[in-house]
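Structural overview
What follows is each chain in one-letter form.
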Amino acid sequence: MAIAKQLLTKGYGVIGVSRRTPDDLLQNTKFSALEMDLSNLDNLPDQLQDLVKTAPVITAAVCCAGQGRFGCLEEFSFEQIRSLMDLNFTSQAYVTRALLPNMKKNGFGHLIYIGSEAALSGGRRGAIYSASKFALRGMAQSLREECAHNNIRVTILNPGIVKTEFFDDLSFRHGEEPENYIEPGDVAEAVLLALETRHGTVIDEINLSPLKKVIRHEQK
Ligand SMILES: NC(=O)c1ccc[n+]([C@@H]2O[C@H](COP(=O)([O-])OP(=O)(O)OC[C@H]3O[C@@H](n4cnc5c(N)ncnc54)[C@H](OP(=O)(O)O)[C@@H]3O)[C@@H](O)[C@H]2O)c1
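Here the structure is a predicted model, which means the values were calculated and not measured.

A closer look at unusual backbone geometry
- Backbone geometry places arginine 125, a non-glycine residue, at a positive phi of 65 degrees.
- Turning to its location among the elements, arginine 125 is positioned in the loop between β4 (109-114) and α5 (127-147).
- Not every positive phi belongs to a glycine, and asparagine 151 is a case in point at roughly 65 degrees.
- Positionally, asparagine 151 belongs in the loop between α5 and β5 (152-159).
- For asparagine 151, a count of 15 C-beta atoms within 10 Å corresponds to the partly exposed category.

Dropping the structure here:
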């Protein structure tokens, strides 16, 4: 949402893909909403084909949808392992797969992924979340090489703890001081920086973290 708002402020047209339609963004004539459940991989190829047909010229894709689920591996059901990988990694690979042919045909494009500090190193209770973000980062690094000769740039942002709804269903969250978290707007600014950097230069990766990391564990 913060990234969409930032891009709209700068005059970009934005197609927002998510399950819920954000009413306040709909007031903006440069915004259109596409309701899609990215975790439903069976439906995704057809839905993405429709998107590509209606919007054949897409300047950039910001692949941001994701979910946090944490715990020791044996606390995950087999289905939970699959669904976290489906949303956090495989759906992003599907989106990229659908958009790339037109980006290559058009001769420009920018793929921007929201990874995580968990894409940089694994941590306790983060096996599957980290695996999904390592996979995303591996894909971004490979695409960086693969797409450069088509004038397509690839960037991945790896934030530490960001103050969002991400923590609503989790048993831990950031500290309350402003130095304990990243603001969603900070991530949005980093996206804009990557997007607006001179075309011949690529910002491959941006790592962001709160000045003072504080994690609060809560009883749910
Ligand atoms: N918050 C953090 O500390 C943090 C740190 C590092 C990385 N990240 C990453 O940042 C990204 C955004 O997370 P956030 O912190 O902004 O969390 P959030 O507030 O929970 O937002 C998640 C976003 O993903 C969309 N989404 C979730 N499931 C979806 C689905 N099945 N289909 C389509 N869209 C879906 C949500 O829209 P709908 O609910 O409307 O579908 C929402 O826009 C994630 O990839 C997360 O892993 C977060």
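As for helix α1 (residues 2-9)
- Of the residues making up α1, those classed as buried are Ile3, Ala4, Gln6 and Leu7. Along α1, the residues classed as buried sweep out an arc of 165 degrees about the axis, all on the same side.
- Here the buried face of α1 lies against β1 (14-18), α2 (23-26), β2 (31-35), β3 (60-63) and α6 (184-196).
- At the exit of α1 stands glycine 11, carrying a positive phi of roughly 95 degrees.

Section: the site of the ligand
- The environment of the ligand is formed by 22 residues, the closest being Ser18, Arg19, Gly66, Thr164 and Phe166.
- When the residues that make up the shell around the ligand are grouped by side-chain class, the tally is 11 nonpolar, 7 polar and 4 charged.

Section: the sheet that holds β4
- Here 4 strands make up an open sheet; going across it, the order is β3-β4-β5-β7 and the pairing parallel. Strands at the two margins of the open sheet, each flanked by one partner only, are β3 and β7 (205-208). On average, each strand axis in the sheet is inclined to that of its neighbour by 15 degrees, with strand direction left out of account.
- Of the pairings in the sheet, the one linking β5 to β7 comprises 4 bridges and is parallel in character. Note that in β7 the partner of isoleucine 156 across the bridge is glutamate 205.
- Where α5 meets the sheet, its contacts fall on β4 and β5, and the angle it forms with β5 comes to roughly 160 degrees.

Conventions adopted
- Residues numbered from 1 in each chain as written.
- Predicted model: local features only at pLDDT ≥ 70, side-chain atom pairs only at ≥ 80, totals over all residues.
- Helix = DSSP H or I, 4+ residues; strand = E, 2+ residues; numbered from the N terminus.
- Buried ≥ 20, exposed ≤ 12 C-beta atoms within 10 Å, placed from the backbone.
- Arc of directions from axis to C-beta.
- Contact = placed C-beta atoms within 7 Å.
- Near = placed C-beta within 6 Å.
- Nonpolar A, V, L, I, M, F, W, Y, C, P; charged D, E, K, R; others polar.
- Pairing = 2+ DSSP bridges.
- Axes fitted to C-alpha atoms, helices over the stretch in contact; angles between N-to-C directions.

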